[in-house]
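# Residue-level structure breakdown
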Amino acid sequence: MKALDELTFDNRFARLGDTFSTHVLPDPIDAPRLVVASEAAMRLLDLDPAVAEDPVFAKLFGGHTLWADAEPRAMVYSGHQFGSYNPRLGDGRGLLLGEVYNSAGEHWDLHLKGAGMTPYSRMGDGRAVLRSSIREFLASEALHSLDIPSSRALCVIGSDTPVWREQQERAAMVLRLAPSHVRFGHFEYFYYTKQPEAQKQLGEYVLAQHFAQCLEQPEPWLAMFREIVERNAELIAKWQAYGFCHGVMNTDNMSILGITFDFGPFAFLDDFDAHFICNHSDQEGRYSFSNQVPIGQWNLSALAQALTPFITVEALRETLGLYLPLYQAHYLDLMRRRLGLTRAEGGDQALIEDLLQRMQGSAVDYTLFFRRLGDQPAELAVARLRDDFIDLKGFDEWAERYVARVNREGPPDDNARRERMHAVNPLYILRNYLAQKAIDAAQAGDYSEVRQLHRVLTRPFTEQPGMEAYAERPPEWGKHLEISCSS
Ligand code: AMP
Ligand code: MG
């Protein structure tokens, strides 16, 4: 375990030089204080969790002091936002402070979000508000605990610094960790600004640091693209299986590592709704829940376009063609497990699709349905879940097929079934209304609720005595919260 001043830096991205990022110092926020920290994320840096309480911790991650070996940089990138190309984005309010090298031999980017203005701030103030910082923190750590790849969050630091959004709020900073902050938009930037040499340098850097296994392939760039396709197909399958809506799947928010990245007005589904749009400025529903699947492919095509100087169009096209079948296979596998099925049968896809169709328009809590389905033997469980469905006949027909399907797996072992299903079906999920309650308290100066919610969500599959309130269905007001897109 290390103290705060014992971190080892190795700033590989900064060493790429000024073509790729700009040196900018963090602009501190007033009266920095710890809102919440993640012990698990601290362990990734070998940090002793106790140091979060040290006032130096809030000063470091509130932008007041820096390690001598940190090299804060704002990265340049571009990207497609809601389908249109924006030629210049970049870190407008976040800084890559440096890369910490841990005892397991891993590098972790330390990215401080809300660190002030940079050359890429455009019209923005370079700040992040407490509300959105808490949401990013909770989501990163909750997704990780659900085994959904995500950037991580070390801490949120609150402050007295006023910022204006729809109303006056307080600035905060969130310290994000990821093995890399390179986005699809990095490749797009150097492609569209016609800098093939820089793009080559970026690609070779990414290959060496993050896709070293591809260097042994006859065509390393193609192998890397293939892996990016595979990872994204798997990631989006997990989002769909667990009801996660990202909300802003612009190519500048897509990680080349296939991790969930850059959180905005995201939401987990409460009642199942395939057409759910969590981002209320997304009037056309480009990033609706079910559209996440084709948009994943659209984004990969945008990346493919940017890679045309290095990979033949034919090979890119063929590789893109892997996305949907891979997605389908992962999704099917996850959903089978959520239904407690241990082997594959031909009709499984239809069984899953028919279930979701029956959920649509009913008021079925997506998370609790699967959890309850595993509580009891199949026949008893479906009888108990039936009342939530509007089309009772439709559900009964499905339930009969499901029970028959379960029985074909062999003689039932109720305990094994419950254990197997509970291990993949969370009881606790980051519901918007739970996040909102924690934010309301934090804005009033009480951080206990954020901390408690974070703690509960680190063990989403394990029933935690006394935490029943976190496992309940949302109250009616909590189902229709409009999450502000400003952040
Ligand atoms: P996002 O929607 O958070 O992914 O941000 C899109 C782009 O806008 C990125 O280049 C951000 O750095 C930039 N941006 C967002 N909010 C701000 C802000 N308050 N100040 C400066 N830049 C911002
Ligand atoms: Mg972004």
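Residues numbered from 1 in each chain as written. Chains lettered and ligands numbered in written order. Predicted model: local features only at pLDDT ≥ 70, side-chain atom pairs only at ≥ 80, totals over all residues. Heavy atoms only, no water.

The name recorded for the chain in an unreviewed UniProt entry is Protein nucleotidyltransferase YdiU, from Pseudomonas taetrolens. Of the chain, the UniProt comment under Function (unreviewed entry) reads exactly: "Nucleotidyltransferase involved in the post-translational modification of proteins. It can catalyze the addition of adenosine monophosphate (AMP) or uridine monophosphate (UMP) to a protein, resulting in modifications known as AMPylation and UMPylation." We quote the UniProt Sequence similarities (unreviewed entry) comment for the chain here in full: "Belongs to the SELO family." (UniProt positions renumbered as here; feature names shortened; annotations may be inferred.)

Before going further, it helps to spend a moment on the overall build of the chain. Helix and strand counts for the chain stand at 17 helices and twelve strands. Whereas a compact globule of 487 residues would reach a radius of gyration of roughly 23 Å, the chain reaches 23 Å, a difference of no more than 12%. Each of the three principal axes of the chain carries a C-alpha extent, and together these read 65 × 55 × 45 Å. Expressed as a percentage of its 487 residues, the buried residues of the chain come to 59%. Across the chain, every contact between residues at least 6 apart in sequence was considered, and the portion connecting residues at least 24 apart equals 72%. (Helix = DSSP H or I, 4+ residues; strand = E, 2+ residues; numbered from the N terminus. Rg over C-alpha atoms; globule rule 2.2 N^0.38 Å. Buried < 20%, exposed > 50% of the residue type's maximum accessible area, 1.4 Å probe, protein only. Contact = heavy atoms within 4.5 Å.)

This part takes up the coordination of the magnesium ion (ligand 2). In this structure, N253 (OD1) and D262 (OD) serve as the protein donors to the magnesium ion (ligand 2), at separations of 2.0 to 2.1 Å. What makes D262 buried here is its relative accessible area of 13%. (Donors = N, O, S within 2.8 Å, 3.2 Å for Na, K, Ca; no water.)

With that settled, the discussion passes to the UniProt feature "active site" (unreviewed entry) in the chain. Here, the residues flagged by UniProt with the feature "active site" (unreviewed entry) are D252. Topologically, D252 is positioned in the loop between β11 (244-245) and β12 (267-268). With sequence-adjacent residues up to four places away left out, D252 is seen in contact with Y77, S78, G79, H80, Q81, L89, R183, G185 and D262.

Further remarks concern the pairing of strand β9 (residues 152-164). Buried residues dominate β9, accounting for ten of its 13 residues. Here four bridges tie strand β2 (residues 33-37) to β9, and the two strands are oriented antiparallel to one another. Considered in β9, the bridge of V36 is made with V156. When β9 meets strand β10 (residues 168-178), the two strands line up antiparallel, connected through nine bridges. (Pairing = 2+ DSSP bridges.)

The next subject is the domain arrangement of the chain. According to the domain assignment, the chain contains domain 1 (4-181) and domain 2 (333-422). Computed from C-alpha atoms alone, the centre-to-centre distance between domain 1 and domain 2 is 41 Å. (Domains from an automatic or database assignment.)

Bringing the UniProt feature "binding site: Mg(2+)" (unreviewed entry) in the chain into the picture now. As annotated in UniProt, the feature "binding site: Mg(2+)" (unreviewed entry) corresponds to N253 and D262 in the numbering used here. Take N253: it is sitting in the loop between β11 and β12. Filtering out sequence-adjacent residues up to four positions away, N253 remains in contact with R183, H246, V248, F261 and D262. Within the element layout of this structure, D262 appears in the loop between β11 and β12. Not counting chain neighbours up to four residues away, the residues in contact with D262 comprise K113, R176, R183, H246, D252 and N253.

So, about the site of ligand 1. Taken together, 15 residues sit near ligand 1, with G90, G92, R122, D125 and G126 positioned nearest. Between an oxygen atom of ligand 1 and a side-chain N or O atom of R122, the distance comes to 2.7 Å. Contact distances for ligand 1 include 3.4 Å between an oxygen atom and a side-chain N or O atom of D262. In the complex, 79% of the free accessible area of ligand 1, which totals 480 Å², lies under the protein chains. In terms of residue class, the shell around ligand 1 is made up of two nonpolar, six polar and seven charged. (Near = heavy atom within 4 Å. Polar contact = N/O pair within 3.5 Å; in protein donor to acceptor, adjacent residues only side chain to side chain. Areas by Shrake-Rupley, 256 points an atom, 1.4 Å probe, with all protein chains shown as cover. Nonpolar A, V, L, I, M, F, W, Y, C, P; charged D, E, K, R; others polar.)

Glancing now at the environment of N407. Tracing the backbone through its elements, the reader meets N407 in helix α13 (residues 392-407). Assessed through its relative accessible area of 42%, N407 is described here as partly exposed. Residues N407 and L326 lie 81 residues apart in sequence; the distance between their C-alpha atoms is 28 Å.

Counting residues in each nonpolar core, the largest one holds 167 residues, and the members touching the most others are F57, F187 and F369. Considering every element that reaches this core, the biggest residue donor is helix α6 (residues 220-242), with 14 residues. When residues are assigned to domains, this core turns out to be shared by domain 1 (4-181) and domain 2 (333-422), each giving three or more. (Core = buried A, V, L, I, M, F, W, Y, C linked by side-chain atoms within 4.5 Å.)

For the pair helix α3 (residues 130-145) and helix α15 (residues 432-443), interaxial distance at closest approach is 10 Å and the crossing angle is 135°. When the interaxial angle is binned, α3 and α15 end up oblique. The interaxial crossing formed by α3 with α15 has right-handed handedness. Contact with α3, carried on its side by L130, R131, I134, R135 and L138, involves N432, A435, I439, A442 and Q443 of α15 and no other residues of that element. Per-class residue counts for the contact of α3 with α15 are six nonpolar, two polar and two charged. (Axes fitted to C-alpha atoms, helices over the stretch in contact; angles between N-to-C directions. Parallel < 35°, antiparallel > 145°, perpendicular 65-115°, else oblique. Left-handed = near helix turned anticlockwise from the far one by under 90°.)

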